[in-house]
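So the chains spell out like this:
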Amino acid sequence: MNLQTAFTNAYPEYSDTRALDAVRSRDFPLLDALNHVYLDYTAANLVPLSLLERHTALLRDHLLGNPHSTNPASALASTYAAQARLSVLEFLNADPDEYTVVFTANATQALKLVGEAYPFNGDGDYLLTFDNHNSVNGIREFARTKGCRVTYVPVLLPDMRVDADALVSHLTRPSRGGPRLLAYPAQSNFSGAQHPLEWISLAHQHGWDVLLDAAAFIPTNALDLNRCRPDFVSLSFYKVFGYPSGIGCLVARRAALAKLRRPWFAGGTITVASVQGDKFYLAEGESAFEDGTPDYLALPAVIFGLQYVTSIGIETIHRRVACLTGWLLDRLRSLQHANGMTLARIYGPPSTHRRGGTVTFNLYNPDGKPIDHRGVETRANDANLSLRTGCFCNPGGGEIALGITGTELATCFRQPEHETRLTVDDFRLCIDGKSSGAVRVSLGLASNVDDVEAFIRFAETFLG
Ligand SMILES: Cc1ncc(COP(=O)(O)O)c(C=O)c1O
């Protein structure tokens, strides 16, 4: 049986996603024209030509001004900004009476808004999973500065799912009276594992607020806020539809937003601020959180981008990515050296059940030694194949996957010469020959089976 037939037999529902082949030829012609195998969708989606053209036409045909005014150019920009907010809520099935949208530069800035303003205190808790992007990890520094307890819940090998028993026991322990925040990713940017959204209501029942980092989930999965109701959601739009790269948002329950205490005020966030009176009054709702002038020229592209994804259908994108992920896992697992040793060790869920299109692994020599991920990246670059290596800003995921222990890390960080500076090479010496990173291949709306096969041919060049 040839590969095409094997694929079609294994994943018959791929044929329901044929519309995406037309999308690829129309909107991403450079992929095939440049013979570029793009496998880094967890980092960023690519720019769809039709979205770019629609946005360019809008800027060409309309006068848009700084929305902090009422003049006609401002008013038009404000209209688009308001529409963009509503489009985001509609995309997430969020009730505008319950939720609002704070536009930010990216998901990181959305997370920072929560971190710096959440009312952490000495009686409170910040609970988070090992599996988190650094922009969620970084919130622990705000929490600790306010004397708040910080607790990490581990993920377990081999699937890299969160230790659910440990999580539930933390969620259900008696409150000490202070505010409690749980933060976790809907989908791991390290392993592709999708963590249960059911935890949100459990956390709520025990008095926790929930920050759901949806940055890696939302490009290929429907998120329904009317069903799962997190307090805060962070995301970046370039990951969903590739363009523009400078806008993300914090989607927040209005009641949760009202609990936040901003550490400063800025242009755009106040109704009145006085120099002589030494006083300021924050604006209501989302306005209090949008510092300075928003990227008002780009906001119409958020409307168009969401319409773009909706017109294709998030379910179609999801189905295609699931089929391709399953095939990639099957194919990668089947690669063996002549001596029978497997080439790849994959970190994360073995099947497409509750996992997205992010596949992370290391390659091994026939003698079982890891092949340096940096060398894999160099060879991929030379082959015009875009993938990612390292720990992808997710050190907790990396430490678990690569078997790097807390003791090893403490010994390394405690060395006097490492007090303020640690290079990647120093770090590699500390962990004594273990891999310090992995290779990540990720699929998205323009991916097809040829991309997966091109990657497998590349991986085969490491077989001995
Ligand atoms: C799960 C997750 N959270 C947060 C981020 C941060 O996104 P940004 O760099 O756009 O702020 C990323 C980026 O890769 C991510 O994958």
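As shown above, the structure is provided for reference.
Residues numbered from 1 in each chain as written. Predicted model: local features only at pLDDT ≥ 70, side-chain atom pairs only at ≥ 80, totals over all residues. Heavy atoms only, no water.

K.L.:
In this structure, what is going on with the site of the ligand? I would like to understand it.
P.N.:
Around the ligand, the surrounding shell consists of Asn106, Ala107, Thr108, His133, Asn189, Asp213, Ala215, Ala216, Ser236, Tyr238 and Lys239. Separating an oxygen atom of the ligand from a side-chain N or O atom of Thr108 is a distance of 2.5 Å. One nitrogen or oxygen atom from the side chain of Lys239 is found 2.6 Å from an oxygen atom belonging to the ligand. Protein burial of the ligand: of its 390 Å² of free accessible surface, 89% is covered by the chains. Where the shell around the ligand is concerned, the elements lending two or more residues are α6 (107-117) and α12 (237-241). Taken together, the residues of the shell around the ligand break down into four nonpolar, five polar and two charged. (Near = heavy atom within 4 Å. Polar contact = N/O pair within 3.5 Å; in protein donor to acceptor, adjacent residues only side chain to side chain. Areas by Shrake-Rupley, 256 points an atom, 1.4 Å probe, with all protein chains shown as cover. Helix = DSSP H or I, 4+ residues; strand = E, 2+ residues; numbered from the N terminus. Nonpolar A, V, L, I, M, F, W, Y, C, P; charged D, E, K, R; others polar.)

K.L.:
What should I look at first to understand the packing of aromatic side chains in this one?
P.N.:
Here the distance between the centres and the angle between the planes together describe a pair of aromatic rings. Going through the model one piece at a time under the given rule, you end up with 16 aromatic pairs. Aromatic pair Tyr38 and Tyr41: ring centres 4.9 Å apart, planes at 85°, arrangement edge-to-face. With respect to burial, Tyr38 and Tyr41 carry one shared label: buried. The aromatic ring of Tyr364 is capped on one face by Arg345, whose charged end is 4.0 Å from the ring centroid. Over the face of the ring belonging to Phe462 we find Arg379, whose NZ or CZ atom lies 3.8 Å from the ring centre. (Phe/Tyr/Trp six-rings, centres within 6.5 Å; stacked < 30°, edge-to-face > 60°. Buried < 20%, exposed > 50% of the residue type's maximum accessible area, 1.4 Å probe, protein only. Lys NZ or Arg CZ within 6 Å of the ring centre and 35° of its normal.)

K.L.:
Honestly, the sheet that holds strand β9 (residues 232-236) in this entry has me stumped. Any pointers?
P.N.:
What links the strands of a sheet is backbone hydrogen bonding, and the strands pair in either a parallel or an antiparallel sense. Overall, mixed pairing links the seven strands, which are arranged β2-β10-β9-β8-β7-β3-β4 in an open sheet. For this open sheet the edge positions go to β2 (99-104) and β4 (149-153), each flanked by a neighbour on one side alone. Across this sheet, the average inter-strand angle for adjacent strands is 15°, counted without regard to direction. Relative to strand β8 (residues 209-213), strand β7 (residues 180-185) runs parallel, the two being bridged by five bridges. For Ala183, the partnering residue across the bridge sits in β8 and is Leu211. Taken strand by strand, α6 contacts β2, β7, β8, β9 and β10 (248-253), and its axis lies near 155° from that of β9. (Pairing = 2+ DSSP bridges. Axes fitted to C-alpha atoms, helices over the stretch in contact; angles between N-to-C directions. Contact = heavy atoms within 4.5 Å.)

K.L.:
Would you take a moment to explain the state of the cysteines for this structure?
P.N.:
Simply put, the disulfide is a covalent bond whose two ends are the sulfur atoms of two cysteines. One pass over the full model with this rule turns up one disulfide. Each sulfur in the disulfide pair Cys412 and Cys430 lies 2.2 Å from the other. The S-S bond linking Cys412 to Cys430 shows a torsion near 70°; that makes this disulfide right-handed. Taken as a pair, Cys412 in helix α18 (residues 406-414) and Cys430 in helix α19 (residues 424-430) lie far apart in primary sequence, 18 residues in all. Like Cys412, the residue Cys430 is buried in the burial classification. Its sulfur unpaired, Cys391 is 9.5 Å from the next cysteine sulfur, which belongs to Cys393. (Disulfide = S-S within 2.5 Å.)

Distances and angles like these do not, on their own, reveal function.
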